[in-house]
Amino acid sequence: MNDREVEAFYRTLSEAMPGRTATAKGPKDQPNPFRTCISCMCSAQSLDRNTAAATRALFRLARTPQSMARLPVESIAGAIRPCGLYNRKAQNILAFCNALIQRHEGRVPNTREALMQLPGIGRKCADIVLQFAFGIDTIAVDTHVYRVCNRTGLAPGTTADKTADTLLARTPGWALPQAHFWLIQFGKTYCTARAPRCEACPANTWCRYYRQSSAASK
Ligand code: SF4
């Protein structure tokens, strides 16, 4: 996609997708940066409802990095059991709490660079924390956003992190606050993983995949 097409693509999404709504994906009930970090760490390969249950259970045991760092790893693992991979995640949570205390006096930093230097925090988690807990406009690249970006040619990348860099650089400022929500909603309703609804897709005019498959079928 060239710049003009990127602009038109986002205009289409802005008209076709609801954007940030009460049902839009994201930890809107967790503006606390520490809680958002813990929720992100629990969320890997976990359903939203299981992540929420795990986070709630852990916060019943401890609500601050200091108190969480004093918990035995077995207690953390037991609390977050609903989200799966709980032993590894519990170790990461403990390491994260200790690093937060040692490097940042227990306060979650508000830059991507500092966040990504903390144990267990990757690019996607860092962007979610920036956007949802600190209100800094960015675009977290999850599986839906990654698929849409690569199929359409909006921000191709061999990894989610590379796509995230390109996407951030290419997204016009006016679209930045809502882009994360539009792209996820679009990926779930039209540009689905198994059977994208290309003929009904409002953005097919600008889509690389659609152009190529249309040309191949002629
Ligand atoms: S035309 Fe098809 S592949 Fe392209 S964005 Fe739309 S649904 Fe996705």
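Residues numbered from 1 in each chain as written. Predicted model: local features only at pLDDT ≥ 70, side-chain atom pairs only at ≥ 80, totals over all residues. Heavy atoms only, no water.

**Quick word on the overall build of the protein**
Counting its regular elements, the protein contains 12 helices and zero strands. Counting helices and strands in the order they occur from the N terminus, the protein gives α-α-α-α-α-α-α-α-α-α-α-α. For a compact globule of 218 residues, the expected C-alpha radius of gyration is about 17 Å, and the protein comes in at 19 Å, within 12% of that figure. The principal-axis extents of the C-alpha atoms in the protein amount to approximately 65 × 30 × 30 Å. If you sum the accessible surface of the protein, you get close to 10,800 Å²; carbon and sulfur atoms cover 51% of it. Side chains of the protein carry 29 positive and 15 negative charges; the gap between the two charge centres is 7 Å. (Helix = DSSP H or I, 4+ residues; strand = E, 2+ residues; numbered from the N terminus. Rg over C-alpha atoms; globule rule 2.2 N^0.38 Å. Areas by Shrake-Rupley, 256 points an atom, 1.4 Å probe, with all protein chains shown as cover. Lys, Arg positive; Asp, Glu negative; His and termini not counted. Charge placed at Lys NZ, Arg CZ, Asp CG, Glu CD.)

**Section: the domain arrangement of the protein**
In terms of domains, the protein is made up of domain 1 (3–23 + 139–216) and domain 2 (33–134). A straight line from the C-alpha centre of domain 1 to that of domain 2 covers 29 Å. Across the contact, 13 residues belong to domain 1 and seven residues belong to domain 2. Surface buried jointly by domain 1 and domain 2 totals about 790 Å² across both partners, of which 51% is contributed by carbon and sulfur atoms. When residues of domain 1 are sorted by the area they lose upon contact with domain 2, R20, A140 and D161 head the list and together hold 39% of the total. At the surface where domain 1 touches domain 2, the tally comes to one salt bridge. Between D165 and R123 there is a salt bridge, and its shortest N-O distance comes to 2.6 Å. Taken together, domain 1 and domain 2 are joined by two residue pairs in polar contact (both at pLDDT 80 or more). Here the side of domain 1 that touches domain 2 is built from residues that sort into eight nonpolar, one polar and four charged. (Domains from an automatic or database assignment. Contact = heavy atoms within 4.5 Å. Buried area = accessible area lost by both parts, 1.4 Å probe. Salt bridge = Lys/Arg side-chain N within 4 Å of Asp/Glu carboxyl O. Polar contact = N/O pair within 3.5 Å; in protein donor to acceptor, adjacent residues only side chain to side chain. Nonpolar A, V, L, I, M, F, W, Y, C, P; charged D, E, K, R; others polar.)

**Describing the packing of aromatic side chains**
For the structure shown, the criterion picks out seven aromatic pairs. Judged by centre distance (6.2 Å) and plane angle (10 degrees), the ring pair of F34 and F96 falls under stacked. Within this pair, whereas F34 is found in helix α2 (residues 33–43), its partner F96 is found in helix α6 (residues 86–104), the two being separated by 62 residues in sequence. Residues F186 and Y190 carry aromatic rings whose centres are separated by 5.9 Å and whose planes lie at 35 degrees to one another, so their mutual orientation is tilted. Against the face of W174 rests R11, its NZ or CZ located 3.8 Å from the ring centre. One residue, R35, lies across the ring of F59, its end atom 4.7 Å from the ring centre. (Phe/Tyr/Trp six-rings, centres within 6.5 Å; stacked < 30°, edge-to-face > 60°. Lys NZ or Arg CZ within 6 Å of the ring centre and 35° of its normal.)

**Focus: the site of the ligand**
By nearness alone, every residue bordering the ligand is listed as R151, T152, F186, Y190, C191, P196, C198, C201, N204, C207, Y209 and Y210. Put simply, the parts of the chain that give the shell around the ligand at least two residues each are α9 (143–152) and α12 (208–216). (Near = heavy atom within 4 Å.)

**Topic: helix α10 (residues 160–170)**
Note on helix geometry: an α-helix contains 3.6 residues per turn, so any two residues three or four positions apart are oriented the same way. Within the span of α10, buried status applies to T163, A164 and L167. Taken around the axis of α10, the buried residues stretch over an arc of 105 degrees, which confines them to a single face. (Buried < 20%, exposed > 50% of the residue type's maximum accessible area, 1.4 Å probe, protein only. Arc of directions from axis to C-beta.)

**Examining the nonpolar core**
Within the largest apolar cluster, 38 residues are counted, with the highest numbers of intra-cluster contacts made by M68, I93 and F96. Contributing elements (two or more residues each) for this core: α2, α3 (48–61), α5 (73–79), α6 and α8 (123–134). When near neighbours in sequence (up to four residues on either side) are disregarded, F96 contacts F34, C37, I38, M41, L118, P119 and I121. In this structure, V6, F9, M17 and L167 belong to the second largest nonpolar core, which totals 28 residues. (Core = buried A, V, L, I, M, F, W, Y, C linked by side-chain atoms within 4.5 Å.)

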